[in-house]
Amino acid sequence: LQTTKVPLRDNEGNVLGVLGIAHDITELKTVEERLRNSEYFFRRLFEHAACGVAMVNSVSGQYLRVNSYLCRLLGYSEQEMQGMTYLDITYPDDIDPGEQKMRALLSGEISEFTLDKRYKRKDGTPVWVSLAVAALWEPGKTPSNHVSVVQDITDRLQLQESLIRRIMDASPEAMLKVDARGIICDANQNAVRLFGYPMAALVGLAVDALVPLPNRQ
C-alpha cells in the first residue's frame, strides 16, 4: 500500500485529526519488478552474448552502448566506441550498400535487415562480419535507436575461399573469380594459359578487357 496523510484543521489552524488515504499499488509494484527483471536479463544477455551487440542512434549513427565482444573484435574501448559512429568503422567500399539499407529502415520501408560487410579495426585491418539490424521504434513513429548484432565471419569466409580455390584448381576449364565491380580477383592456371596474361597481371584487370569489343553487350 501507498499511504498519504493530511492533517485536518479547524478555522484557527488547530489540528483536529489526520485524514489517511491508502492506494493499492500491488499491480504497479508487480510491473516495476518485471521491468527490473527484464532489464537485468537484457543487460546479462547484452554483456555476455557470444557476438557483438550495440545500441545505435539511428539518425546520427552514434554508438550509445556496446558490449565487450564488439570492443575486442574491433580493438576499441567502450568509451572510444561511444564517441564514434558506425560509418567511422565501416570499410569505405562497404558504406553505400549499408546506407541504402539504413535509408529504407529510417523511412519505414523495412524494420530490420541483414548484411555482410567489412569493419575497420583500430589497427586499420579489415574484418568481415555478418550484421543484423532491427529498429527499436514502433511502426509509424519517429526513428530513434536500433540494435545491431555483429558476428565475425572470418573463419567462414576463409573456408569458402579454400573450397573455391580447390574447385578452380581442379577444373579443366578456365575459371575467373570476379567481384561486383567486374574486377578479376582470382583465376586458375587454365585461365592464365587461355588469356595469355601472367597471374599478377590478370588479377586486378577488368573482365571486360578480356572480351573483344564487338562481343561486348
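Scroll up to find the structure this text is about.
Draft legend 1. Local environment of the nonpolar core. Tyr 63, Leu 70, Leu 73, Leu 74, Met 81, Ile 89 and Tyr 119 are the most contacted members of the largest nonpolar core, which totals 26 residues. Of all the secondary structure elements, the ones that give two or more residues to this core are β3 (52-57), β4 (63-66), α2 (68-74), α4 (95-107), β5 (112-120) and β6 (126-135). With 6 residues, the next largest nonpolar core counts Ile 184, Ala 191, Val 192 and Leu 210 among its residues.

Draft legend 2. Local environment of the sheet that holds β6. On the basis of which strands lie adjacent, the open sheet formed by 5 strands has the order β4-β3-β7-β6-β5 and antiparallel pairing. Each having just a single partner strand, β4 and β5 make up the two edges of the open sheet. Put simply, the sheet's adjacent strands are angled 25° from each other on average, direction ignored.

Draft legend 3. Broad picture of empty space enclosed by the protein. Counted according to the given criterion, the structure contains 1 cavity of 30 Å³ or more. Space inside the largest cavity adds up to approximately 130 Å³. Taken together, 17 residues form the lining of the largest cavity, with Tyr 86, Met 102, Phe 113, Lys 117 and Leu 131 sitting closest to its centre. Those elements that place two or more of their residues in the lining of the largest cavity are α4, β5, β6 and β7 (145-152). At 4 residues, α4 tops the list of elements feeding residues into the lining of the largest cavity. Residues that form the lining of the largest cavity fall into these classes: 10 nonpolar, 4 polar and 3 charged.

Draft legend 4. Structural detail: the pairing of β6. Here β6 shows a clear split, with Val 127, Val 129, Leu 131, Val 133 and Ala 135 buried on one side and none of Pro 126, Trp 128, Ser 130, Ala 132 and Ala 134 buried on the other. The pairing of β5 with β6 spans 9 bridges and is classified as antiparallel. Across the sheet, Lys 120 pairs through a bridge with Pro 126, a residue of β6. With 7 bridges joining them, β6 and β7 adopt antiparallel strand pairing.

Draft legend 5. Quick look at α4. Look at α4: 18 Å from first C-alpha to last across 13 residues, which is about the 18 Å you get at 1.5 Å a residue. Gly 98, Glu 99, Met 102, Ala 104 and Leu 105 are the residues of α4 that are buried. Where the residues of α4 are buried, they touch β5, β6 and β7.

Quick notes on the rules
- Residues numbered from 1 in each chain as written.
- Predicted model: local features only at pLDDT ≥ 70, side-chain atom pairs only at ≥ 80, totals over all residues.
- Heavy atoms only, no water.
- Core = buried A, V, L, I, M, F, W, Y, C linked by side-chain atoms within 4.5 Å.
- Buried < 20%, exposed > 50% of the residue type's maximum accessible area, 1.4 Å probe, protein only.
- Helix = DSSP H or I, 4+ residues; strand = E, 2+ residues; numbered from the N terminus.
- Pairing = 2+ DSSP bridges.
- Axes fitted to C-alpha atoms, helices over the stretch in contact; angles between N-to-C directions.
- 1 Å grid on protein atoms, 1.4 Å probe; cavity = no way out; pocket = protein on both sides within 12 Å on 5 of 7 lines; lining within 4 Å.
- Points joined across faces, edges and corners; volume = space filled by probe spheres on them.
- Nonpolar A, V, L, I, M, F, W, Y, C, P; charged D, E, K, R; others polar.
- Expected span 1.5 Å × (residues − 1).
- Contact = heavy atoms within 4.5 Å.

Fair warning: the whole summary comes from geometry, so function is off the table for now.
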